[in-house]
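Each chain, letter by letter, is given below.
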Amino acid sequence: MESENVRRHEALDARAQAQSSVAGAIEPPPERILVKEVNWLGDVVMSLPALRAIRRAWPRAHLGVLIKKELASFFDGAGWIDEVIPYAVGRGLSGFFDRRRIVGEIRSRRFDLGVLFPNSFESALWLTMAGVRRRAGFIADARGAMLTMKALPTSEAMTGHQVNYWLAMIRATGVADGWADDFAIDVHGPHRERMREWIAANRKRPGRPLFAIAPAAAYGPAKEWPAENYGALIDLIARREDAEVVLVGAPSERAKCEEVAAASKSGAMIAAGHTNIGELIAMLSLCDGFIGNDSGCMHIAGALEIPTVAIFGSTNPVRTGPMGPKTRVIYRKLECSPCLARTCRFGHYNCLTQIEPAELVDATIAMRASR
């Protein structure tokens, strides 16, 4: 496990320190804080307000983030984090040794406060075995005995927007307090320049508006608008906005993007598989708008405050809708919605197929016009 990403600390913007009265309950004040981040890209975005609240509450502490290796570049531009510790856990015997290395890495850094964003037993076990003296988190997954600062999730945390879940946890455990709208994503300058060069080298119509589309979703087909609909959407964007499209996503989603590009007459650039998470953030920051499924890309686009239109099928936009002032959710609340299933038990996927490309373009144009 590589862990050399130690940085010179940079302060956040000068927002009022309203959470200091909550955090002041921790004595002695923590000098070295480790936050175990969540394991999905969209959840990382929604946990940002809680992470930023911890930094604001303890500006003099060393703040480290423990996060899966494939997500680590999310924080490449975040100078207010002192250290990013990426990790990977293999299968079988190699996974056993990986876990030993993770615990050793944590122990070697002598953190005196650990904050657990995931609810897993294993994340609490790692910090306990590493000797982190104070461990904060929600009681879940039979790990209560390993937490020294603990609370049960409130009804608001369980039913409101997911962003409030982690804010409720740090508030209830006395770690910090913060704001749900404190979700700014930091764009790494070198990534932005690299993506600017990639776009210039690959686009056919320089100078025209550029829209990002994320046609895949890791959860399953009940979150994915049909590929042929995305193909029609690309052509409609080209006609109505005289714009070009770049298809974004994870390397595993490249085949889906190729299918979508082939379904359109106008074609599209395909960035999926060419970017890590930090470069994806930079790519989206250069776009004039975004349309896509409920996905990590959607959450990034909304938090970057570019016009974002989100297509929701089986999931609940009240719980996991995009954050940001320039977002619009397109959602058909049928009798069976939200079912939260990976596949449609009726086989029709009407919650998705009833959404028309023109509705998405209309919403995007309206948001762009209001800027």
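As a starting point, this report considers the structure included with it. It should be emphasised that the depicted structure is a prediction, and the values quoted were computed from it without experimental measurement.

Packing of helix 2 (residues 41–57) against helix 6 (residues 163–172) brings their axes to within 8 Å, and their N-to-C directions diverge by 30 degrees. What the angle tells us is that helix 2 and helix 6 run roughly parallel. Crossing handedness for the pair helix 2 and helix 6: right-handed. Two secondary-structure elements touch here, helix 2 through Asp43, Met46, Ser47, Pro49, Ala50, Ala53 and Ile54 and helix 6 through Val163, Trp166, Leu167 and Ile170. Residues that form the contact of helix 2 with helix 6 fall into these classes: nine nonpolar, one polar and one charged.

Turning to the environment of Asp242, a few remarks are in order. Note that Asp242 resides in the loop between helix 8 (227–241) and strand 9 (244–247). For Asp242, a relative accessible area of 29% translates into the label partly exposed. Each C-alpha atom, one on Asp242 and one on Ile365, is 12 Å from the other, the two residues being 123 residues apart in sequence. With residues near it in sequence (within four places) discarded, Asp242 still touches Arg205, Arg208, Pro209 and Ile237. Reaching out from Asp242, the side chain makes a polar contact with the side chain of Arg208 at a distance of 3.0 Å.

Turning our eyes to something else, we now look at the sheet that holds strand 10 (residues 269–270). Hydrogen bonds along the backbone pair up the strands of a sheet, which may run parallel or antiparallel. Taken together, the six strands give an open sheet; going across it, the order is 10-9-8-11-12-13, and neighbouring strands pair in parallel fashion. The strands lining the two open edges of the sheet, one partner per strand, are strand 10 and strand 13 (327–331). Where strand 8 (residues 210–214) meets strand 9, four bridges bridge the pair, whose relative direction is parallel. Following the sheet pairing, Leu210 is matched in strand 9 by Glu244. Lying on the sheet, helix 8 is in contact with strand 8, strand 9, strand 11 (289–293) and strand 12 (308–312); it crosses strand 8 at an angle near 170 degrees.

Analysis parameters
- Residues numbered from 1 in each chain as written.
- Predicted model: local features only at pLDDT ≥ 70, side-chain atom pairs only at ≥ 80, totals over all residues.
- Heavy atoms only, no water.
- Axes fitted to C-alpha atoms, helices over the stretch in contact; angles between N-to-C directions.
- Helix = DSSP H or I, 4+ residues; strand = E, 2+ residues; numbered from the N terminus.
- Parallel < 35°, antiparallel > 145°, perpendicular 65-115°, else oblique.
- Left-handed = near helix turned anticlockwise from the far one by under 90°.
- Contact = heavy atoms within 4.5 Å.
- Nonpolar A, V, L, I, M, F, W, Y, C, P; charged D, E, K, R; others polar.
- Buried < 20%, exposed > 50% of the residue type's maximum accessible area, 1.4 Å probe, protein only.
- Polar contact = N/O pair within 3.5 Å; in protein donor to acceptor, adjacent residues only side chain to side chain.
- Pairing = 2+ DSSP bridges.

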